[in-house]
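Spelled out from the first residue to the last, the chains are:
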Amino acid sequence: NAGVTQTPKFRVLKTGQSMTLLCAQDMNHGYMYWYRQDPGMGLRLIHYSVGEGTTAKGEVPDGYNVSRLKKQNFLLGLESAAPSQTSVYFCASRTDKLNTEAFFGQGTRLTVV
Amino acid sequence: GDSVTQMEGPVTLSEEAFLTINCTYTATGYPSLFWYVQYPGEGLQLLLKATKADDKGSNKGFEATYRKETTSFHLEKGSVQVSDSAVYFCALSGSGGATNKLIFGTGTLLAVQP
């Protein structure tokens, strides 16, 4: 079972470059999330989606955009990367039923220089 | 808004010691509560959960009880092992509507020494 797969696992960007992180899940989950993890800050929600074609802002959305054109995929885009976006990014998915847990990908370590 | 507060780490214990990691929450309604564990270089995995007041979640020797009166969900283990060294996150899931977010605490690093 693949579960939640993130691509790529590592990336180094120069300031101002753009990139897209891909999250794919094969569990037919309705909800998908993008978090960033920084030392001492825990996981902070960037954007989330409650279904195909719908997205919403989380706690720290500035500088990021997302799209959910297919139910199984959730893309996170950085249009103009900044050093402050150096972080580990995690995608998660869960069903739309109450009280269910989320499943996480392995993470993407992004460094912006 | 909803929030989770957990004790700061790192927590350093000797093998076979008793573990408690405190977690308190603020939420409207009746959230579900979770503990996740993150081993080095990996994503988060569910450790245990509780979905209503007085429920006890348990897994791999870890336990946590959903205490609505104290808005707490403290994680405990009677005898830790070196293999338990990881970061532990307390989380809650909001109780209503389509915006069923997962809110995480800042994580607590546990280091168990042989």
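One structure accompanies this document, and this report is about it. Given the structure is predicted, the values throughout are model-derived calculations rather than measurements. (Residues numbered from 1 in each chain as written. Chains lettered and ligands numbered in written order. Predicted model: local features only at pLDDT ≥ 70, side-chain atom pairs only at ≥ 80, totals over all residues. Heavy atoms only, no water.)

### Here we look at the interface of chain B and chain A
Size of an interface: often given as the accessible area lost when the parts come together.
And step 1. With 23 residues of chain B at the contact, the number on the chain A side is 21 residues.
And step 2. Summed over both partners, the interface of chain B with chain A buries about 1800 Å², with 53% contributed by carbon and sulfur atoms.
And step 3. The largest per-residue losses of area from chain B upon contact with chain A belong to Leu44, Asn100 and Leu102 of chain B, which jointly make up 26% of the total buried on that side.
And step 4. Summed over the shared surface of chain B and chain A, the number is 1 salt bridge.
And step 5. Measuring nitrogen to oxygen at the nearest pair gives 3.1 Å for the salt bridge that ties lysine 49 of chain B to glutamate 101 of chain A. (Contact = heavy atoms within 4.5 Å. Buried area = accessible area lost by both parts, 1.4 Å probe. Salt bridge = Lys/Arg side-chain N within 4 Å of Asp/Glu carboxyl O.)

### Section: the layout of surface pockets
And step 1. Each pocket or cavity is described by its volume, and for the largest pocket that value is around 570 Å³.
And step 2. Lining the largest pocket are 29 residues, and of these Gln37, Val88, Phe90 and Arg109 of chain A together with Gln38 of chain B sit closest to its centre.
And step 3. Residue assignment for the lining of the largest pocket shows that the elements contributing at least two residues are strand S4 (31-38), strand S9 (87-94) and strand S11 (108-112) of chain A together with strand S10 (86-93) and strand S12 (108-113) of chain B.
And step 4. A per-element tally of the lining of the largest pocket places S11 of chain A first, with 4 residues.
And step 5. In this structure, the second largest pocket spans a volume of roughly 170 Å³.
And step 6. Elements with a minimum of two residues in the lining of the second largest pocket: strand S5 (42-51) of chain A together with strand S11 (102-104) of chain B.
And step 7. The element that contributes the greatest number of residues to the lining of the second largest pocket is S5 of chain A, accounting for 4 residues.
And step 8. Of the residues belonging to the lining of the second largest pocket, the class tally is 7 nonpolar, 4 polar and 3 charged. (1 Å grid on protein atoms, 1.4 Å probe; cavity = no way out; pocket = protein on both sides within 12 Å on 5 of 7 lines; lining within 4 Å. Points joined across faces, edges and corners; volume = space filled by probe spheres on them. Helix = DSSP H or I, 4+ residues; strand = E, 2+ residues; numbered from the N terminus. Nonpolar A, V, L, I, M, F, W, Y, C, P; charged D, E, K, R; others polar.)

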